Amino acid sequence: MSAVFLPAFAQNNSTPAVPALSAAEKQNAFAPTSPQTEPATVSPKEQASVRPPAQPQNDPVSTSALTPAPVENVPVPAPPVVAPAPAESATAPDVPTSISATPKTDGVAPAKPADPSTSASASPAGPDVPATPGAGPAPQLPPAVPDAAPAQATTPPAPEAPAPAEATTPAPATPAQAATPPAAPAPAQAATPAEATPANPVAVALAGKLAEIATRGPYARAVSDFYNLRGGAPLWVENDALTPVAKGLVERMGHADEDGLDASAFRVPGLDALGKGDANADADAEIAISLAVLTYIREASSGRVDTKEIGEDIVAAPNMPDPLAGLASVAIASDPVAVLDGYNPVAPQYLALKRKLAEVRAASAANAQTPPPVVPSGPTLKVGMSDTRVALLRTRLGLTADDADSDVYDEDLQKAVRDFQVRRNLKPNGALGPSTVAALNAALRQPRVNIEDEIVANMERWRWLPHDIGTSNVMVNVPEFMVRVTKDGEMVHDAKVVVGKPDTPTPIFSDTMAFVVMNPSWNVPQSIIKKEYLPKLANDPDFLQRHGFVVTYAGGQMQVRQPPGEDNALGHIKFMFPNNFSVYLHDTSMRSLFTKDKRAFSHGCVRVDNPYQFAEIVMGADNGWTADRVESLVGGKEQRIDLKDKIPVHIAYFTARVDDDGDLKLFDDIYGYDKKVISALGLQG
């Protein structure tokens, strides 16, 4: 294709969804968990208009450079100020903050003590950080009560006469506004040393640290902004100890390895210093937990590996929310641990791999205690044969016999042997021959791969897909040479596919199928013309004409088109999801390739077996597009048919998959991505 398009998710300015938040939680912020001081008699109100900063590529706090997606309208907790004094800046003068809170009065006259108000307005994170696209209207933030706000003590009012009203219409007196003689107004309210409530020392310590951490990068700045919007009130530490919520979050992050993550990346330092009455230690714990939560959100949602280090034709979906919104989503949730956990993928295959990872680790631990036995050599065994090695073979493959004394090679054992042969790239006949025995024993010393690491690498790649893959979707798994169609959460169709060769790999990305083209022409890409056709034309000037190609020139550049027909490389139909790679699914004139086990033969596009049945599934038989009707259009003019129901397409790369029986299937790493991901993760490989 000549036109160049961006993937759908790159064109869409929608924000990644914050998981597991109820509608009420998305509408309501919260006050500090346990304020240390009594609130003022009349609670002031504050409205904050927030537009969180975009994230630059270089983040000294993060372990990888990620660009956040536009922020969702997630409410961020914001406190009032008790007196209309200017808010303290939490950022060094040479590093502009992404959120500034500046007191604002309504006019020349001072605000009434009974109803002070402030407003906060957003400003860009700095000249090097672009504004976040697609930001919606600013949320209105309910007030929070800061721990650091001292209670105001007043001088007992004189009883002779009420205080003069500030407006022309007399206002009723409140408990805080006692009557004073008209001729002698009461002096300004002032706290005496004996009556003042001391400031929360943890909040004071936090205030002294926020300005410094705000200079460390966008994630640290988000933490600084978060606490500034809370008026410096601590969230995770109360009475010199972690709150129950904080304990739950720390514990969940400590089990991050269950999701194939590195739990050490979220370890919170300094917790052993709590309980000693050290406000600085409490403030450090507050900051450390918030940074750990943000790091977990980033790695759980988007992965640990920069996809450009793995392959230039890999595009990861922007799953990471704005840092401030992500931190707030955990803070305001009724179940913060569930929200944090919800940033991991939730696709059924991801969850199946997570369960399989736990099984493999448990088996590895058991094997470390009792190494599996060596299988002796002997005659080839098939179903129905008896041999003394059968019991040993069952133990070796993790099977148990209904009859412990049985030495019969049955169908269950045959299936287990066949699965092992598939994993070891042996002929999967299910018979125990010499090569299978040798492979079984060699696997004890040097397995084909480290299965645990391979599962982790595949779980990492699930984080590159949109976390919402759609209940209806088309999923191409390149290493498996298969495409599956899911409708309303149920897999309704699968078919063999031909994918790109290792030197012309099929790109890995997601997009949306929008239309199909019947009887398509093939406009040959310039890369194919230069690499393949020009050398052939040098030896055979009539090559293209003899094969039915039409050659034209535009701007001095040769253009090659293959008209519709039986010999057309695209076959009779192509399925279009316009993207930056000019890749699509299509029929083929070389259908014999589907009989091969390994089908990496294309220049990058994906050829689909049974294309008319596939068309019926994606176009919709209920819309009148049966396989027979689609096939009846073959041989006519080139025709575009828009899909009534557009469907997400995910071209993915998974070398490990759990089948319907719960068995782990491994596929060849045809592009070498497994090796690169395992290396980038620092695993053994």
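Keep in mind the model is a prediction, meaning the values are calculated, not measured.

Analysis parameters
Residues numbered from 1 in each chain as written. Predicted model: local features only at pLDDT ≥ 70, side-chain atom pairs only at ≥ 80, totals over all residues. Heavy atoms only, no water. Pairing = 2+ DSSP bridges. Helix = DSSP H or I, 4+ residues; strand = E, 2+ residues; numbered from the N terminus. Contact = heavy atoms within 4.5 Å. Axes fitted to C-alpha atoms, helices over the stretch in contact; angles between N-to-C directions. Core = buried A, V, L, I, M, F, W, Y, C linked by side-chain atoms within 4.5 Å. Buried < 20%, exposed > 50% of the residue type's maximum accessible area, 1.4 Å probe, protein only. pLDDT = per-residue confidence, 0-100. Polar contact = N/O pair within 3.5 Å; in protein donor to acceptor, adjacent residues only side chain to side chain. Phe/Tyr/Trp six-rings, centres within 6.5 Å; stacked < 30°, edge-to-face > 60°. Lys NZ or Arg CZ within 6 Å of the ring centre and 35° of its normal. Salt bridge = Lys/Arg side-chain N within 4 Å of Asp/Glu carboxyl O. Arc of directions from axis to C-beta. Parallel < 35°, antiparallel > 145°, perpendicular 65-115°, else oblique. Left-handed = near helix turned anticlockwise from the far one by under 90°. Nonpolar A, V, L, I, M, F, W, Y, C, P; charged D, E, K, R; others polar.

Strands sit in the order E10-E12-E11 across an open sheet of three strands; the sheet is antiparallel. At either margin of the open sheet sits one strand with a lone partner, and together these are strand E10 (522-523) and strand E11 (550-554). Pairing geometry for E10 and strand E12 (residues 557-562), over two bridges, is antiparallel. Bridging from a neighbouring strand, Asn523 pairs with Arg561 of E12. Of the strands in this sheet, E10 and E12 touch helix H14 (residues 526-539), which is tilted by about 95° from E12.

Grouped together as the largest cluster of nonpolar side chains are 84 residues, with contacts concentrated most on Val474, Met513, Tyr533 and Phe614. Excluding residues that lie within four positions of it along the chain, Phe614 makes contacts with Val474, Val483, Val485, His493, Met513, Phe575, Leu585 and Val608. Within the second largest apolar cluster, 45 residues are counted, among which are Leu242, Ala283, Leu291 and Ala331.

What follows covers the confidence of the model for the protein. Here the protein averages 76 in pLDDT, while 68% of its residues score no lower than 70. Note on residues 1-15: pLDDT is under 50 here. Beyond four places in sequence and across chains, it has 32 contacts.

By secondary structure assignment, the location of Thr504 is in the loop between strand E8 (490-500) and strand E9 (509-518). Polar side-chain contacts of Thr504 include one of 3.0 Å to the backbone oxygen of Ser602. Thr504 has contacts with Ser602, His603 and Gly604, leaving out every residue within four places of it along the chain.

Let's shift gears to the packing of aromatic side chains. Counted by the stated rule, this structure contains twelve aromatic pairs. Arranged with centres 5.1 Å apart and planes meeting at 45°, the rings of Phe509 and Phe581 form a pair that is tilted. Taken together, the positions of Phe509 in strand E9 and Phe581 in the loop between strand E13 (573-576) and strand E14 (585-586) put the pair 72 residues apart, joining distant regions of the chain. The buried category is assigned to Phe509, whose relative accessible area is 2%. Here the aromatic residues Trp522, Tyr533, Phe543 and Phe549 are joined through ring pairs into a cluster of three or more. Residue placement shows Lys574 over the ring face of Tyr584; its charged tip is 5.1 Å from the ring centre.

The subject of this paragraph is the environment of Ala241. Note on placement: Ala241 falls in strand E5 (residues 241-242). Separated by 30 residues in the primary sequence, Ala241 and Leu271 place their C-alpha atoms 8.8 Å from one another.

Checked against the element boundaries, Asn473 lands in strand E6 (residues 473-477). Within the local environment of Asn473, its side chain forms a polar contact with the backbone oxygen of Gly470, the two atoms lying 2.8 Å apart. With residues up to four places along the chain from it excluded, the contact list for Asn473 reads Arg484, Val485, Thr486, Ile647, Pro648 and His650.

Our next topic: the pattern of salt bridges. Under the criterion given, the structure shown has 20 salt bridges. Because the salt bridges share partners, they merge into one network encompassing Lys415, Asp419, Asp659, Asp663 and Lys665.

Attention shifts here to unusual backbone geometry. Phi at Asp488 is positive, roughly 50°, even though this residue is not glycine. Position of Asp488 among the secondary structure elements: in the loop between strand E7 (482-487) and E8. With a relative accessible area of 69%, Asp488 lands in the exposed category. The backbone of Asn519 shows a phi angle near 50°, a positive value even though the residue is not glycine. Tracing the backbone through its elements, the reader meets Asn519 in the loop between E9 and E10. Judged by relative accessible area, Asn519 falls into the buried class, the value being 4%.

Bringing helix H5 (residues 244-254) into the picture now. All of the buried residues in H5 are Ala246, Gly248, Leu249, Arg252 and Met253. End-on view of H5: buried residues confined to an arc of 160°, all on one side of the axis. Facing away from the buried side of H5, by more than 90 degrees, are the exposed residues Pro244, Lys247 and Glu251.

Moving on: the packing of H5 against helix H6 (residues 279-302). The contact between H5 and H6 brings their axes to 11 Å, and the two run at 45°. The orientation of H5 relative to H6 falls into the category oblique. In this structure, the crossing between H5 and H6 has a hand that is left-handed. Along the contact surface, H5 presents Ala246, Leu249, Val250, Arg252 and Met253, while H6 presents Ile289, Ala292, Val293 and Tyr296. Tallied by class, residues from the contact of H5 with H6 come to eight nonpolar, no polar and one charged.

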